[in-house]
Amino acid sequence: MTLHTKIAGYADPSLHAHGLYIGGQWEKGAGIPVLDPSTGEVLAEVADASVENALRAVDAAETAASQWRQTPPRQRSEILRRWFQLMTDRAEELATLISLENGKALADARGEVAYAAEFFRWYAEEATRIPGEYRHTPSGSHNILVDHEPIGISVLITPWNFPAAMATRKIGPALAAGCTVILKPASETPLTAYAMARLGEEAGVPAGVVNVVTTTNPGPVTNAMLADPRVRKLSFTGSTGVGRILLAEAAKSVVSCSMELGGNAPFVVFDDADLDAALDGAMVAKMRNAGEACTAANRFYVQAGIHDAFVEGLSKRMAGLKIGKGYDADTQCGPMIATKAVQKIDQLVSEAVRRGARATTGGAPLPGSGYFYPPTVLVDVPVDASIAHEEIFGPVAPVYRFESEEEAIRLANDTEYGLAAYVYTRDMKRAMRVGRGIETGMLGINRGLMSDPAAPFGGVKQSGLGREGGVTGILEFMEAKYYAIEL
Ligand code: NAP
């Protein structure tokens, strides 16, 4: 079955132009097959950009830059607001497309479209509120004026797990700030990026302001763009490993970097927690996107008094989830993105089981076509097993027992990551105390979902640099300029 017949009835086929998008032109190409993770079938093929193509995208972004940075903020705002509206109007088509190429359940894909569109609405509002500052020097010698200017041409690199939201979380603030961009989406999920660019055109984004290039050669293509002195910003979301490589590359031209990297979120449940609320939160924190989320709960630390009841409740809920193709209406847990993702999860679980862990549900890949791993709960996991230290990025919940608050904080911090954490307790003083003790950029208190465009998203330690969203997100795409004014 072809892509178009699969999404017939939902999608306007003109959304899907399978080519590079440079300077407002669609350039047909081939070389990157896009697979349906639910079946392993090829859905479509998109263009494979060369270094030369990418540098043409930089040319296009430069040509558009002088006009765009001078566009009145209100006008930039209204374009972003139209883009938000178009995404909202076409939500079902976009959700289906995301589900097709990423595999996530339609309910998750619908949630992603709504979340992704909200970044355009939020930054449509922020575009008209760019902050400045005016003050006297303490000595009275002169006045200080601080203005914010667009940082310049920005390269945006996104992962496959939220193909729409990770793009809008960068494009929204960049455009609001007055920057032009080159988006390089993940090779597994390029169709959503191109569909979004189509909607941007419809919303009135001028040619060259947003360019999209897909490539099988991300290292050399990105390095060439970073080495071009016209490029002043790299905003990357992806793994910590690739983030380290890109930071080193960006250092050569001293390019400003925002880095949203990997996570290893602890989910801490105290004896006094509301058990049902903790289980509801655990299911959201673990199973949103079938566990393929940077904020996914990766380690469940449960206090001894509530441990067994929590394991029983979690195992029941995980075992009850309907596994299936992402785009089947009743699916609650779709496939993983690729065979190698299933293999990695399998290795982590197998090693833990060899070392004494036990699966109360799941525990082995599912046979057949598509890349399926079932919802799994592990108990008796050694705290030094690889699964406690690496991102699982799948539907596996290892549960560890702890006794004291100090032990919970120590275990939570035993990682190089610091993106997200969750705490369940009825005692707010304890929640805040534990929150202050955990090294993390974001903390959910009695809540399993924290992402919101109005909040600063980002991590500490090796989970990243900078924040996306919130009132400060736009400043990642701006430079402060100080004017010293003689009195
Ligand atoms: P990834 O392998 O790091 O890839 C991310 C992006 O980087 C893709 O577009 C990829 O392109 C590109 N890339 C790979 N090697 C590159 C290189 N040498 N130079 C330039 N670009 C390169 O990560 P992923 O597997 O797609 O995504 C999962 C990871 O992202 C997890 O670690 C997750 O925690 C993290 N993540 C973090 C956040 C956050 O906000 N902190 C959000 C979502 C995901 P190709 O696809 O062509 O390889």
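Preceding this section is the structure that the text describes.
First, a word on what this report is: a plain description of the structure on this page. (Residues numbered from 1 in each chain as written. Predicted model: local features only at pLDDT ≥ 70, side-chain atom pairs only at ≥ 80, totals over all residues. Heavy atoms only, no water.)

## Remarks on the site of the ligand
Here is step 1: Around the ligand, a shell composed of 31 residues is seen, among which Arg169, Ser187, Ser239, Leu261 and Glu391 lie nearest.
Here is step 2: Take Trp160: an N or O atom from its side chain is 3.0 Å from an oxygen atom of the ligand.
Here is step 3: Contact between the ligand and Glu391: an oxygen atom at 2.5 Å from a side-chain N or O atom of the residue.
Here is step 4: Starting from 920 Å² of accessible surface for the ligand in isolation, the protein chains cover 86%.
Here is step 5: Listed by contribution, the elements that provide at least two residues to the shell around the ligand are α6 (165-177), α8 (218-227), β10 (231-237) and α9 (240-252).
Here is step 6: The element that contributes the greatest number of residues to the shell around the ligand is α8, accounting for 3 residues.
Here is step 7: Of the residues belonging to the shell around the ligand, the class tally is 15 nonpolar, 11 polar and 5 charged. (Near = heavy atom within 4 Å. Polar contact = N/O pair within 3.5 Å; in protein donor to acceptor, adjacent residues only side chain to side chain. Areas by Shrake-Rupley, 256 points an atom, 1.4 Å probe, with all protein chains shown as cover. Helix = DSSP H or I, 4+ residues; strand = E, 2+ residues; numbered from the N terminus. Nonpolar A, V, L, I, M, F, W, Y, C, P; charged D, E, K, R; others polar.)

## Things to note about the sheet that holds strand β5 (residues 133-136)
Here is step 1: Pairing within the open sheet is antiparallel, and its 3 strands lie in the order β5-β6-β20. In the strand order of this sheet, the two ends are held by β5 and β20 (478-486), each with one partner. Averaged over all pairs of adjacent strands, the angle between strand axes in this sheet comes to 20°, irrespective of strand direction. (Pairing = 2+ DSSP bridges. Axes fitted to C-alpha atoms, helices over the stretch in contact; angles between N-to-C directions.)

## Comments concerning the pattern of salt bridges
Here is step 1: For the coordinates displayed, the defined rule picks out 25 salt bridges.
Here is step 2: Asp276 serves as the salt-bridge partner of Arg317, at 3.8 Å between the closest nitrogen and oxygen. Of the two residues, Arg317 sits in helix α11 (residues 304-319) while Asp276 sits in helix α10 (residues 275-287), which places them 41 residues apart along the sequence.
Here is step 3: Residue class for Arg317 comes out partly exposed when judged on its relative accessible area of 29%.
Here is step 4: Overall, Asp276 belongs to the partly exposed group, its relative accessible area being 48%.
Here is step 5: The salt bridge involving Glu405 is made with Arg433; its shortest N-O contact spans 2.8 Å. Here Arg433 lies in helix α14 (residues 428-437) and Glu405 lies in helix α13 (residues 405-412), a separation of 28 residues in the sequence.
Here is step 6: Via salt bridges that share partners, Asp59, Glu62, Asp228 and Arg230 belong to a single interconnected network. (Salt bridge = Lys/Arg side-chain N within 4 Å of Asp/Glu carboxyl O. Buried < 20%, exposed > 50% of the residue type's maximum accessible area, 1.4 Å probe, protein only.)

## Quick look at the pairing of strand β15 (residues 376-379)
Here is step 1: A two-sided burial pattern is seen for β15, the buried positions comprising Thr376 and Leu378 on one face and Val377 and Val379 on the other.
Here is step 2: When strand β14 (residues 358-361) meets β15, the two strands line up antiparallel, connected through 3 bridges. Residue pairing in the sheet places Arg358 in a bridge with Val379 of β15.

## Section: α8
Here is step 1: Along α8, the positions that sit buried rather than exposed are Val221, Thr222, Met225 and Leu226. All buried residues of α8 project into a common sector of 130° when viewed along the axis, lining one side.
Here is step 2: The inward-facing, buried residues of α8 abut α2 (51-70), β7 (153-157), β8 (181-184), β10 and α9. (Arc of directions from axis to C-beta. Contact = heavy atoms within 4.5 Å.)

## Let's talk about the packing of aromatic side chains
Here is step 1: Under the counting rule described, the total for this entry stands at 11 aromatic pairs.
Here is step 2: Both rings, one in Phe267 and one in Tyr424, keep their centres 5.1 Å apart while their planes meet at 20°; by these two values the pair is stacked. One end of the pair, Phe267, is in strand β12 (residues 265-269); the other, Tyr424, is in strand β17 (residues 420-424), and 157 residues separate them in sequence. Tyr424 matches Phe267 in its accessibility class, with the two residues each being buried.
Here is step 3: Members of the aromatic cluster, connected to one another through ring pairs, are Phe267, Phe300, Phe310, Tyr422 and Tyr424.
Here is step 4: The cationic tip of Arg430 hangs over the ring face of Phe270; the distance from NZ or CZ to the ring centre is 4.2 Å. (Phe/Tyr/Trp six-rings, centres within 6.5 Å; stacked < 30°, edge-to-face > 60°. Lys NZ or Arg CZ within 6 Å of the ring centre and 35° of its normal.)

## Let's talk about the environment of Gly204
Here is step 1: One can find Gly204 in the loop between α7 (190-203) and β9 (210-212).
Here is step 2: Separated by 175 residues in the primary sequence, Gly204 and Val379 have C-alpha atoms spaced 53 Å apart.
Here is step 3: In this structure, Gly204 is in contact with Ile79 and Arg82, ignoring residues within four places of it in sequence.

## Some words on the packing of α2 against α8
Each pair of packed helices can be summarised by the angle the axes make with each other and by the distance between the axes.
Here is step 1: At a minimum axis separation of 9 Å, α2 and α8 run at an interaxial angle of 35°. Both α2 and α8 take part in a crossing whose hand is right-handed. Seen from α2, the contacting residues are Val51, Ala54, Leu55 and Val58; seen from α8, they are Pro220, Val221, Ala224 and Met225.
Here is step 2: Class assignment for the residues of the contact of α2 with α8 results in 8 nonpolar, no polar and no charged. (Left-handed = near helix turned anticlockwise from the far one by under 90°.)

## Side note on the side chain of Glu391
Here is step 1: Mapped onto the elements of the fold, Glu391 is located in the loop between β15 and β16 (396-402).
Here is step 2: Reaching out from Glu391, the side chain makes a polar contact with the backbone nitrogen of Gly263 at a distance of 3.2 Å.
Here is step 3: With near-sequence residues (within four places) excluded, Glu391 lies in contact with Gly262, Gly263, Cys294, Asn298, Lys344 and Leu348.

## A word on the pairing of strand β1 (residues 19-22)
Here is step 1: In terms of strand pairing, β1 meets strand β2 (residues 25-28) through 4 bridges, oriented antiparallel. Bridged to Tyr21 within β2 is Trp26.
Here is step 2: Between the end of β1 and the start of β2, which pair antiparallel, lie 2 residues, with Gly23 showing a positive phi angle near 60°.

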